[in-house]
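Listed here are the chains, written in short residue letters.
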Number of protein chains: 2
Amino acid sequence: MIQTELAADLQLKWDRMQQAMQQTRADGCLLTVDVNIYYTTGRIYSGYFYLPAEGTPWFFVKRPNGLAGDQVIYIRKPEQLPELFAENGLKMPRKLLLEGDEVTYNEYTRLLNVFQPEETGNATALLRRMRCIKTPWEVTQFRISAKKHAETYAQIPSCFRPGMTDVEFQSEIEKVMRRNGSIGLFRAFGANMDIYMGSILAGDNAECPSPFDFALGGEGVNPSCPIGANGTLLKDGTAIMVDMAGNYTAYITDMTRVFSIGKLSGFACKAHQTSLVIQQEIQEIAKPGTPCAELYNLAAGIAQKEGLSDYFMGTKQQAKFVGHGIGIQINELPVLTPRSKETLQPNMVFALEPKFVIPGIGAVGIENSFLVTETGIEKLTLCEENIVQLY
Amino acid sequence: MIQTELAADLQLKWDRMQQAMQQTRADGCLLTVDVNIYYTTGRIYSGYFYLPAEGTPWFFVKRPNGLAGDQVIYIRKPEQLPELFAENGLKMPRKLLLEGDEVTYNEYTRLLNVFQPEETGNATALLRRMRCIKTPWEVTQFRISAKKHAETYAQIPSCFRPGMTDVEFQSEIEKVMRRNGSIGLFRAFGANMDIYMGSILAGDNAECPSPFDFALGGEGVNPSCPIGANGTLLKDGTAIMVDMAGNYTAYITDMTRVFSIGKLSGFACKAHQTSLVIQQEIQEIAKPGTPCAELYNLAAGIAQKEGLSDYFMGTKQQAKFVGHGIGIQINELPVLTPRSKETLQPNMVFALEPKFVIPGIGAVGIENSFLVTETGIEKLTLCEENIVQLY
């Protein structure tokens, strides 16, 4: 069932996972959550992926019908696993890793009953640590997403017509995204991180605090989804921040640009320029070994020096990070936050998003996706960075 | 923080939950999952909702900033709860209900450590049982969704242009949906139920088995989201099944219509008519007290009598249900499946979707959303039900 182009990539991931398991004396790792199944098999299926600390992986599939390949076994329920392990000469694990931060309590305890391991460990933590260092194939996927993401953004001015609301503008951009190959779906880690195709914030809606752990908020169109555009009319003097998903492959790039109706105030333009300075200064120092906290502190320091601290990453509610890892989910490791103990490593991919919210005008700033190279960081999302006047 | 129009509705829900808790001697119920927070408070926030078996509910909010109201308390982490309970004269629960089928294992065990209850129970099971009987306000929300859903479907023929693929057609329909007020987001219960705005299936893509527990499958545009449209060219003799979400309020209606390019074969038309007959016969017998299994068996029996069993609810992979409850999530209780032990109750709302997949042509059939009344069932999604020829 493995696609040929992926075979080497998957082997590399399995090797790294096995190395990590051996270091902690784990005997095996059972995965069932969609993003981890995709990461380790190159597709989504319903069922389980089992990787022993040594040897080859097993694919226990509930659905879809018709998958075939080495060590693909059809299964109805997890209670069949011990028998299937025995039939296939697979040892039951003494120490088993399960997705403790992703699988529900009842599903997890069901798996504990099935395996009765002497010891358990957290497969979510392992996978998030593995997933933050991207493989060569994953990097090519980011490059495809980044290119289509930038091509879509270049078409954004043609989506605008005078008199539109933010929601109408967004619906036109979404159509362009879909025509350019956007998958639609957009995955996030953790509970209550619902979002739809990204976010457009115009005018004072940018100040509206959100329940979600994204950089900025917005009221949304319904209290059941309180994020992003809320029907604001796009009128003269408004900043429009477009932060729509780069979901053109399973690997999501993240990119924000600012558009305006008419000219924005000098203060808003200065804040936007400060975002570009922050990005530039971070590009100059960031390389393998740079502490993520240092990148946040550098950004916050520049904002403070410019007298913009009260507007940095929000006003009524301020996000305490200036960037985050990206991948199959929009919020992977590392996080560029003052509390971070992580450093940049080669082949991490992260979004850097210094932003300011200016009352009466809207949000300004920049966001790009960067690959950590051996010597520095490389910007993947290439597109005009100044504020583009739509009308 | 409660909207006035919702106050009576929420009180009704709390009363019913308290009655159910008292029957099982539960002392309180702590909710944190988005759909349950929305159900019990009318909005999404990050934090906890606590309902004691007697008395008034408490709202422990992490984000967003600025919510105010009776018994709204800001909180950083669940470990503060015991102190906040004590400060507010709230008794710690001896038997506590937690969302065992929704909250992750690590979050659940963290809450167990915080509360150390003598006994626990499943809040997910309680909430799913409560949520399947809709309140008057919820029924009005369904009526709003159903009306906009039907209005959108009436515009579908204008979205088509010759030479389109299924994905291009879908992107035009999505734009109409958004312009008509679709929230975008579309929630499902359970793991691995990712979907984006609904599904369009054209030609043989309708036969493609999916990992998900939806009625039909489809290959999708990427193995990371294997469901729905796959880029099929909409050519002569093709059936196009449109099953796009009715997400115009938090309460989602479900509705499927079939379109064609040119005329479909007599066999496909006969199968479509059979779906309409199944719907008609179910409408004639369904009322409070009717077993859900009986509705499935009636549908499957008609399919068999017409010699269509091999095409009923799929070919290579056949769904074992013909309908399902709808609400804040697309797959609520009850399920119209032969294994069901449930009966219809007044104010249940469910989707009925008898469908057939015809190799070489595509999927045909019907889906509508129904409200169970005191005496029968009422169709909410009113729109042409015959196959509409686009070109």
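Attention in this report is confined to the structure presented alongside it. (Residues numbered from 1 in each chain as written. Chains lettered and ligands numbered in written order. Predicted model: local features only at pLDDT ≥ 70, side-chain atom pairs only at ≥ 80, totals over all residues. Heavy atoms only, no water.)

Overview of the interface of chain B and chain A
At step 1: Counting residues at the interface gives 59 residues for chain B and 59 residues for chain A.
At step 2: Carbon and sulfur atoms make up 51% of the surface buried where chain B meets chain A, a total of about 4900 Å² over both sides.
At step 3: Contact with chain A buries surface across chain B, with Tyr 105, Arg 178 and Tyr 196 of chain B losing the most and accounting together for 15% of the total.
At step 4: Applying the counting rule to chain B against chain A returns six salt bridges.
At step 5: For Glu 172 of chain B, the salt bridge identified is with Arg 179 of chain A, shortest N-O distance 3.2 Å.
At step 6: Here chain B is connected to chain A by 24 residue pairs in polar contact (both at pLDDT 80 or more).
At step 7: Contributing elements (two or more residues each) for the side of chain B that touches chain A: helix H2 (34-41), helix H4 (105-115) and helix H8 (166-179) of chain B.
At step 8: With nine residues, H8 of chain B is the largest single contributor of residues to the side of chain B that touches chain A. (Contact = heavy atoms within 4.5 Å. Buried area = accessible area lost by both parts, 1.4 Å probe. Salt bridge = Lys/Arg side-chain N within 4 Å of Asp/Glu carboxyl O. Polar contact = N/O pair within 3.5 Å; in protein donor to acceptor, adjacent residues only side chain to side chain. Helix = DSSP H or I, 4+ residues; strand = E, 2+ residues; numbered from the N terminus.)

Overview of the pattern of salt bridges
At step 1: Summed over the entire model, instances satisfying the criterion amount to 39 salt bridges over all chains.
At step 2: The network of salt bridges with common partners includes Arg 94, Lys 95, Glu 118 and Glu 119 of chain A.

With respect to the sheet that holds strand E17 (residues 388-389) of chain B
Residue and element names in this part refer to chain B.
At step 1: One open sheet accounts for four strands, arranged E7-E8-E9-E17; its pairing is mixed. Taken across any chain shown, the strands that pair with only one partner, and hence form the sheet edges, are strand E7 (198-202) and E17.
At step 2: Bridge count for strand E8 (residues 239-244) against strand E9 (residues 257-260) is four bridges, and the pairing is antiparallel. Residue pairing across strands places Val 242 opposite Arg 257, the latter belonging to E9. (Pairing = 2+ DSSP bridges.)

Remarks on unusual backbone geometry
All names here are of chain A.
At step 1: Here the bond from Leu 333 into Pro 334 is cis, since omega is -5°, no more than 30 degrees from zero.
At step 2: Topologically, Pro 334 is positioned in strand E11 (residues 332-335).
At step 3: Phi is positive for Arg 25, close to 55°, though the residue is something other than glycine.
At step 4: The topology assignment puts Arg 25 in the loop between helix H1 (4-23) and strand E1 (28-31).
At step 5: Its relative accessible area of 69% is what places Arg 25 among the exposed residues.
At step 6: Of note in this structure, Gln 71 is not a glycine but carries a positive phi near 60°.
At step 7: Mapped onto the elements of the fold, Gln 71 is located in the loop between strand E3 (58-63) and strand E4 (72-74).
At step 8: Since its relative accessible area comes to 25%, Gln 71 is described here as partly exposed. (Buried < 20%, exposed > 50% of the residue type's maximum accessible area, 1.4 Å probe, protein only.)

Topic: the sheet that holds strand E16 (residues 377-379) of chain A
All names here are of chain A.
At step 1: Strand order in the open sheet formed by five strands is E11-E10-E12-E15-E16, and the pairing between neighbours is antiparallel. With partners counted over all chains shown, the strands left at the sheet margins are E11 and E16, one partner each. The sheet shows a mean angle of 30° between the axes of neighbouring strands, direction not considered.
At step 2: Across four bridges, strand E12 (residues 349-352) lies against strand E15 (residues 368-372) in antiparallel orientation. Across the sheet, the residue bridging to Phe 350 is Phe 370, located in E15. (Axes fitted to C-alpha atoms, helices over the stretch in contact; angles between N-to-C directions.)

Brief notes about the packing of aromatic side chains
At step 1: Taken as a whole, this structure holds 35 aromatic pairs over all chains when the rule is applied.
At step 2: Geometrically, the ring pair formed by Phe 312 of chain B and Phe 356 of chain B is tilted, given 5.5 Å between the ring centres and 45° between the ring planes. Here Phe 312 of chain B, found in the loop between helix H10 (292-305) and strand E10 (323-325), pairs with Phe 356 of chain B, found in strand E13 (residues 355-358); they are 44 residues apart in sequence, far enough to count as distant.
At step 3: Grouping aromatic residues by their ring pairs yields a cluster made of Tyr 38, Trp 137, Phe 142 and Tyr 251 of chain A.
At step 4: Taking NZ or CZ as reference, Arg 128 of chain A lies 3.8 Å from the ring centre of Phe 189 of chain A, over its face.
At step 5: Here Lys 13 of chain B stacks its cationic end above the ring of Tyr 39 of chain B, 4.4 Å away from the centre of that ring. (Phe/Tyr/Trp six-rings, centres within 6.5 Å; stacked < 30°, edge-to-face > 60°. Lys NZ or Arg CZ within 6 Å of the ring centre and 35° of its normal.)

Considerations on the packing of H1 of chain A against helix H5 (residues 123-131) of chain A
Residues and elements named next belong to chain A.
At step 1: Remark: H1 packs on H5, axes separated minimally by 11 Å, with the N-to-C direction vectors making an angle of 130°. One element, H1, and the other, H5, form an angle in the oblique class. Regarding H1 and H5, the two cross each other, and that crossing is right-handed. On H5, the residues touching Arg 16, Met 17, Ala 20 and Met 21 of H1 are Leu 126, Leu 127 and Met 130.
At step 2: In terms of residue class, the contact of H1 with H5 is built from six nonpolar, no polar and one charged. (Parallel < 35°, antiparallel > 145°, perpendicular 65-115°, else oblique. Left-handed = near helix turned anticlockwise from the far one by under 90°. Nonpolar A, V, L, I, M, F, W, Y, C, P; charged D, E, K, R; others polar.)

Things to note about the pairing of strand E2 (residues 46-52) of chain A
For a regular strand, side-chain orientation follows a simple rule: the groups alternate between the two sheet faces.
All names here are of chain A.
At step 1: Counting buried positions along E2 yields seven of seven residues, so the element is predominantly enclosed.
At step 2: Looking at chain direction, E1 and E2 are connected through four bridges and run antiparallel. Bridging from a neighbouring strand, Leu 30 pairs with Tyr 50 of E2.
At step 3: Relative to E3, E2 runs antiparallel, the two being bridged by five bridges. When the bridges of E3 are listed, Ser 46 appears paired with Arg 63.

A few points about H5 of chain A
Residue and element names in this part refer to chain A.
At step 1: Along H5, seven of the nine residues are buried, which leaves the element largely enclosed by surrounding structure.
At step 2: If you check which residues of H5 are buried, you get Ala 123, Thr 124, Leu 126, Leu 127, Arg 128, Met 130 and Arg 131.
At step 3: Two or three places before Thr 124, at the start of H5, stands the capping residue Asn 122, its side-chain oxygen 2.8 Å from that residue's backbone nitrogen.

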